[in-house]
Amino acid sequence: MAFFKGKARGNRTAIYLRSVFQSHLETLGSSVQKHAGKVLFVAILVLSTFCVGLKSAQIHSKVHQLWIQEGGRLESELAYTQKTIGEDESSTHQLLIQTAHDPNASVLHPLALQSHLEVLMKATAVKVHMYDTEWGLRDMCNSPTSPSFEGHYYIEQILKHLIPCSIITPLDCFWEGSQLLGPETPVYIPGLNQRLMWSTLNPSEVMQFMKQQMSDQKISFDFDTVEQYMKRAAISSGYMEKPCLNPRHPMCPDTAPNKNSSQPPDVGAILSGGCYGYAAKYMHWPEQLIVGGAQRNRSGHLKKAKALQTVVQLMTEKEMYDQWQDNYKVHHIGWTQQKAAEVLNAWQRNFSREVEQLLRKQSRIAANYDIYVFSSATLDDILAKFSHPSALSIVIGVAATVLYAFCTLLRWRDPVRGQSSVGVAGVLLMCFSTAAGLGLCALLGIVFNAASTQVVPFLALGLGVDHIFMLTAAYAESNRKEQTKLILKKVGPSILFSACSTAGSFFAAVFIPVPALKVFCLQAAIVMCFNLAAALLVFPAMISLDLRRRTAGRADIFCCCFPVWKEQPKAPGLTMNNNNVRGSRHVKNCNNMRMSGQLQQQSLNPAPAQNPLLEPLAANSVASSLVPSFSLASFAFRYYTPFLMRSWVKFLAVMGFLCALIFSLYEATALQDGLDIIDLVPKHSNEHKFLDAQSRLFGFYSMYAVTQGNFEYPTQQQLLCDYHEAFVRVPHVIKNDNGGLPDFWLILFRDWLTNLQRIFDDAVADKSLTTEGWHPNATSDAILAYKLIVQTGHVDNPVDKNLVVTNRLVSSDGIINPKAFYNYLSAWATNDVFAYGASQGKLYPEPRQYYHAPTEYDLKIPKSLPLVYAQMPFYLHGLTDTSEIKTLIGHIRDLSVKYEGFGLPNYPSGIPFIFWEQYMTLRSSLALILVCALLAALVLVSLLLLSVWAAVLVIVTVLASLVQIFGAMTLLGIKLSAIPAVILILGVGMMLCFKAHHYDDRMKRRKII
């Protein structure tokens, strides 16, 4: 007790505070040693109880569950979408990309497209058998809705079988694209000699044939509705007039422009500007969506391209559930949305598997091209696979740590003083406490993810075992009379300070606005607290039991089998046990208190020198005699330290540090943000290759601008149009042929009404319509227009025939009649189903159904409920890095806020916002957390060392280290994301631990050897 004898040097308050910590730890050690068996029994019960909690662990593996900020703007937006329409995904896509093996080769030639077709034909034909039912693409794809006809069910069935799935593909520029559309079973039409498939179907000719045949048979049918349906969608000759990839193919139609041509088609010229599906008005596939890595000639035509892309549009799980819930096909299985999701995911997996098998069988395709497949299901499968803990990995990690502890702590020459058994027990204790900590996390409802299952156990085990090695090192240097309390007194403060610093850093990182990393840090902090408690409470009980074995003279291994060993006497003060150097090797953490030097000084107890300057020399001479000749300690003591003490070396070291600091500060200003989705996927997987090709050659994403409720859609139509038009000025949004945007639901709605108004005016001019009604020669559309015009929009007085004279469906400035807006909406959604489906508006509440029948004299049209959700679809391209996506998000968010101020509640939705929105606030969040962590460190170090100056020096050195880390990240090309942010915050705790111990040791000793 040098402090009470007046012989201690340094800050008296700091030394006193440290003595208080040591006193409490000494008391704790004494109590644990007295009740070692009880402590172990209670600890096993408590830890086992918490381990049971692992059974209730929940694992999140979907991207939106891992990356969306909790309580943030994006989470509230997705919650609104989920609450309103019952799902948080607006679309499901199965994507396929084809590239050439040669990176300089072009895919703009017929052979490449024929290979593309062959793969798609095989892949889209896959089936999945689930719930005693067979499911194919036709059961789950997005396809336009066919019109309904009263009393002619078989015609409805013919149209439903003929209308195919929507597939965005470059093959739609050619006749071969029809081969993807089927149908699987050719459609038979009475009187027509051939069974119809899209490869032989000319819709206009078939329609005229049916019209003529039913007219001859005097069968009444409303062909006007079908013709208007086809006209509005621009369905004409189908694929019969498109060029063939193989002009000499026997099935290439005679109407193809290059039939029997000896020249291959100019694929680049044909694909320039994009492709059109069978319904040209609503099925325009932009060039940027289907062709990647394009090079053009002076006229803008495609000259070369590196990739082709096809997008198979599938239903969402809710859409599929709604589609089949009333169908006899699922009545026996208890159809739910979860089962719909399972069917969708199973089909997507089979699609990917079929492509892989085809490439293995078809050496011709695999020899020339790489084909990559991707879907949300496969990405979720990969994340789910890596989110579940691997029992084999955990066993290997624990076994390796146990073996290391056993080998390094084993003493062959002095088995009594060995610590291998207690070291192995300590490692197993840390495993036990880590599992218990994770069990508590599960009981608290903290969800698990890939980071918490794959990283936290090993990280916690490594940091916990460090405490075990520190305690065993102190235990090795003690004699059999030195009790557990003295061991805790020596190294307990260091372990406590180290664990508090690390756990505090993890708790500080909890404020990172990314759920995956927030959960990781919170779980790591809780587990660190468990490991600290195990190291200071339970492991000393193990040491106490081992002390009894050591006192009894029993061997470390198989103590009950070997006879009592006689401990070899040690020369007082001069003998170091043969495990000191080995033990110092174990303690690689900054918590090493360099106890060997202290013990040497205590044991030697040299006489005080007359000259204070001789004290270091005396200590150095004694220390040099005790350091082994061939060791790192010998090299550091005899060569490295004297070299550092030279004046010119000090000067160069300081100047080098300042130069490195200034250079790092300069480089840190160029640090970029970035963590792509590709970084979440295993590097050599097919999904990784797809994402790499997609980001390099396409950068394609879909997004939606969502408008909400609490907004009067009928009276604010111009504001909606202005909002849609504002996206023309947003970079990376794909435009149409005229440089504008594709029409959204309100424009298509207005165009339909404008066409009906024109038909109505013509009917009034030829007197087939009057104020009181219509004549037999009035067309179906004219009658529908009449019914719409007489709608008042009032539920109590829905119809007023006097409006025929004064009312207009659409005003001269393009505004739909606001009073009857929702009546018109009911009619449009039901009677112009192709346009309604193609708009992707997802209007909610869904408009009420009104099937127009010309023979129906009831003029009342039901009024739909006010809209609370609608969306405008957009395609994005060229988004190849995080900076571009951040710029896009900022631009769209500014646009959203601007129109929010105009009274239009809205928000954007899509993958770019789900995954990259975090980067908009990541730097500010990281800066705030680092400031809080450093301020907390300043207070903590000041209290522990009771020296503000020492605390300031610690913070300054930590800041300098952070600046150098930022500079090194820039030089190494490591981008700033949430993952490096967590590592940086953890690094603050580790650096704080090292620096604080350095200054603590400096205060205790005048010289550090």
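Residues numbered from 1 in each chain as written. Predicted model: local features only at pLDDT ≥ 70, side-chain atom pairs only at ≥ 80, totals over all residues. Heavy atoms only, no water.

This part is about the overall build of the chain. On a plain count of helices and strands, the chain comes out with 38 helices and 14 strands. Taking all 1009 residues of the chain together, the buried fraction comes to 51%. Relative to all contacts within the chain whose residues are 6 or more apart in sequence, the contacts with residues 24 or more apart total 75%. Accessible area for the chain stands at about 47100 Å²; split by element, carbon and sulfur atoms hold 59% of it. (Helix = DSSP H or I, 4+ residues; strand = E, 2+ residues; numbered from the N terminus. Buried < 20%, exposed > 50% of the residue type's maximum accessible area, 1.4 Å probe, protein only. Contact = heavy atoms within 4.5 Å. Areas by Shrake-Rupley, 256 points an atom, 1.4 Å probe, with all protein chains shown as cover.)

Once that is clear, we can look at the pairing of strand E13 (residues 869-876). In terms of residue burial, E13 counts as a mostly covered element, since six of its eight residues are buried. When strand E12 (residues 701-708) meets E13, the two strands line up antiparallel, connected through eight bridges. Bridged to Val706 within E13 is Gln871. (Pairing = 2+ DSSP bridges.)

With respect to burial, E12 is a largely interior element, eight of its eight residues being buried. Of the two faces of E12, the one holding Tyr701, Met703, Ala705 and Thr707 and the one holding Ser702, Tyr704, Val706 and Gln708 are both buried throughout.

On to the packing of aromatic side chains, then. Inspection of the entire model under this criterion finds 28 aromatic pairs. With 5.6 Å between their ring centres and 85° between their planes, Trp135 and Trp324 make a pair best called edge-to-face. Placement of the pair is Trp135 in strand E3 (residues 133-135) and Trp324 in helix H12 (residues 317-324), with a sequence separation of 189 residues. Across the pair, exposure class does not vary: Trp135 and Trp324 are buried alike. (Phe/Tyr/Trp six-rings, centres within 6.5 Å; stacked < 30°, edge-to-face > 60°.)

Turning next to the packing of H12 against helix H13 (residues 337-361). At a minimum axis distance of 8 Å, the contact between H12 and H13 shows a crossing angle of 110°. Here H12 lies roughly perpendicular to H13, going by the angle between them. Two packed elements cross with a definite hand, and for H12 against H13 that hand is right-handed. On H13, the residues touching Glu317, Lys318, Met320 and Tyr321 of H12 are Gln337, Ala340, Ala341, Val343 and Leu344. Considering only residue class, the contact of H12 with H13 consists of six nonpolar, one polar and two charged. (Axes fitted to C-alpha atoms, helices over the stretch in contact; angles between N-to-C directions. Parallel < 35°, antiparallel > 145°, perpendicular 65-115°, else oblique. Left-handed = near helix turned anticlockwise from the far one by under 90°. Nonpolar A, V, L, I, M, F, W, Y, C, P; charged D, E, K, R; others polar.)

Note on placement: Asn823 falls in helix H32 (residues 821-831). Non-local contacts of Asn823, meaning those with residues more than four positions away in its chain, are made with Gln791, Gly793, Ile861, Pro862 and Lys863.

Our focus in this paragraph is the environment of Ser166. Here Ser166 shows up in the loop between helix H7 (153-162) and strand E4 (167-168). On a C-alpha basis, the gap between Ser166 and Ala838 in space is 9.9 Å, while along the polypeptide they are 672 residues apart. Contacts of Ser166, omitting those with residues within four sequence positions, involve Asn142, Ser143, Pro144, Met283, Val311, Val312 and Gln313.

Pairing is antiparallel in the open sheet, where three strands are placed in the order E13-E12-E14. The sheet is open, and its two edges are formed by E13 and strand E14 (906-910), each paired on a single side. Each adjacent strand pair in this sheet contributes to an overall mean axis angle of 25°, direction not counted. Strands in contact with helix H28 (residues 717-725) are E12, E13 and E14; relative to E13, the strand with the most contacts, it is inclined by about 20°.

Considering all chains together, one arrives at three disulfides under this definition. Note on cysteine connectivity: Cys141 is disulfide-linked to Cys165, with sulfurs 1.9 Å apart. Note on the Cys141 and Cys165 pair: the S-S dihedral is about -70°, so by sign convention the disulfide is left-handed. One end of the pair, Cys141, is in the loop between E3 and H7; the other, Cys165, is in the loop between H7 and E4, and 24 residues separate them in sequence. Like Cys141, the residue Cys165 is buried in the burial classification. The disulfide partner of Cys173 is Cys275, and the gap between their sulfur atoms is 1.8 Å. Every disulfide takes its handedness from the sign of the S-S torsion; for Cys173 and Cys275 that torsion is -110°, giving left-handed. One end of the pair, Cys173, is in the loop between E4 and helix H8 (203-216); the other, Cys275, is in strand E5 (residues 275-276), and 102 residues separate them in sequence. (Disulfide = S-S within 2.5 Å.)

Quick look at a nonpolar patch on the surface now. Residues Phe635, Tyr639, Tyr640, Phe643, Leu644, Trp648, Phe651, Leu652, Val654, Met655, Phe657 and Leu658 make up a contiguous nonpolar surface patch of about 1200 Å² in total accessible area. At the level of secondary structure, the elements contributing two or more residues to the nonpolar patch comprise helix H25 (632-644) and helix H26 (647-668). Along the chain, Leu652 falls in helix H26. (Patch = residues over 30% accessible without salt bridge, like charges linked within 9 Å, V, L, I, M, F, W, Y side chains within 5 Å. Salt bridge = Lys/Arg side-chain N within 4 Å of Asp/Glu carboxyl O.)

Caution applies to low-pLDDT regions: their predicted coordinates should not be interpreted in detail. Of all residues in the chain, 84% have pLDDT values of 70 or greater, and the mean over the chain is 80. Mean pLDDT values for the elements of the chain range from 38 in helix H22 (residues 580-586) up to 94 in H28. Within the model, the stretch residues 570-623 combines pLDDT values under 50 with 78 contacts to residues more than four positions away or in other chains. The model gives residues 1004-1009 a pLDDT under 50, and that stretch makes eleven contacts with residues more than four places away or in other chains. (pLDDT = per-residue confidence, 0-100.)

Enumeration according to the criterion identifies 14 salt bridges in this entry. Across the salt bridge formed by Glu319 and Lys842, the nearest N and O atoms sit 2.7 Å from each other. Of this pair, Glu319 sits in helix H12 while Lys842 sits in the loop between helix H33 (833-838) and E13, placing them 523 residues apart in sequence. Within the structure, one salt-bridge network assembled from shared partners comprises Arg73, Glu77, Arg893 and Glu917.

When the terminal C-alpha atoms of helix H21 (residues 515-551) are compared, their 52 Å separation across 37 residues agrees well with the 54 Å that a helix rising 1.5 Å per residue should span. Taken as a whole, H21 carries its principal kink of about 40° at Ala535. Taken across its 37 residues, H21 has 29 buried, putting it largely inside the fold. (Expected span 1.5 Å × (residues − 1). Bend = angle between axes of the 7 residues up to and from the residue.)

With that out of the way, let us pick up the side chain of Glu287. With respect to the helices, strands and loops of the structure, Glu287 is situated in helix H11 (residues 287-290). Assessed through its relative accessible area of 7%, Glu287 is described here as buried. A polar side-chain atom of Glu287 sits 2.3 Å from a polar atom in the side chain of Arg296. (Polar contact = N/O pair within 3.5 Å; in protein donor to acceptor, adjacent residues only side chain to side chain.)

In this structure, Trp745 and Phe749 are the most contacted members of the largest nonpolar core, which totals 271 residues. For this core, the element with the highest residue contribution is H21, accounting for 20 residues. Leave out the neighbours within four places in its chain, and Phe749 touches Ile816, Phe821, Tyr824, Leu825 and Trp828. (Core = buried A, V, L, I, M, F, W, Y, C linked by side-chain atoms within 4.5 Å.)

A few words on unusual backbone geometry. Of note, the bond from Gly182 into Pro183 is cis; its omega dihedral lies within 30 degrees of zero at 0°. Examined against the element boundaries, Pro183 turns out to sit in the loop between E4 and H8. The omega torsion of the bond from Tyr844 to Pro845 falls at 0°, within 30 degrees of zero and hence cis. Mapped onto the elements of the fold, Pro845 is located in the loop between H33 and E13. A positive phi angle, close to 55°, is found at Asn710, a residue other than glycine. Position of Asn710 among the secondary structure elements: in the loop between E12 and H28. Phi at Lys767 is positive, roughly 65°, even though this residue is not glycine. Mapped onto the elements, Lys767 comes out in the loop between helix H29 (745-765) and helix H30 (780-789). Its relative accessible area of 63% is what places Lys767 among the exposed residues.

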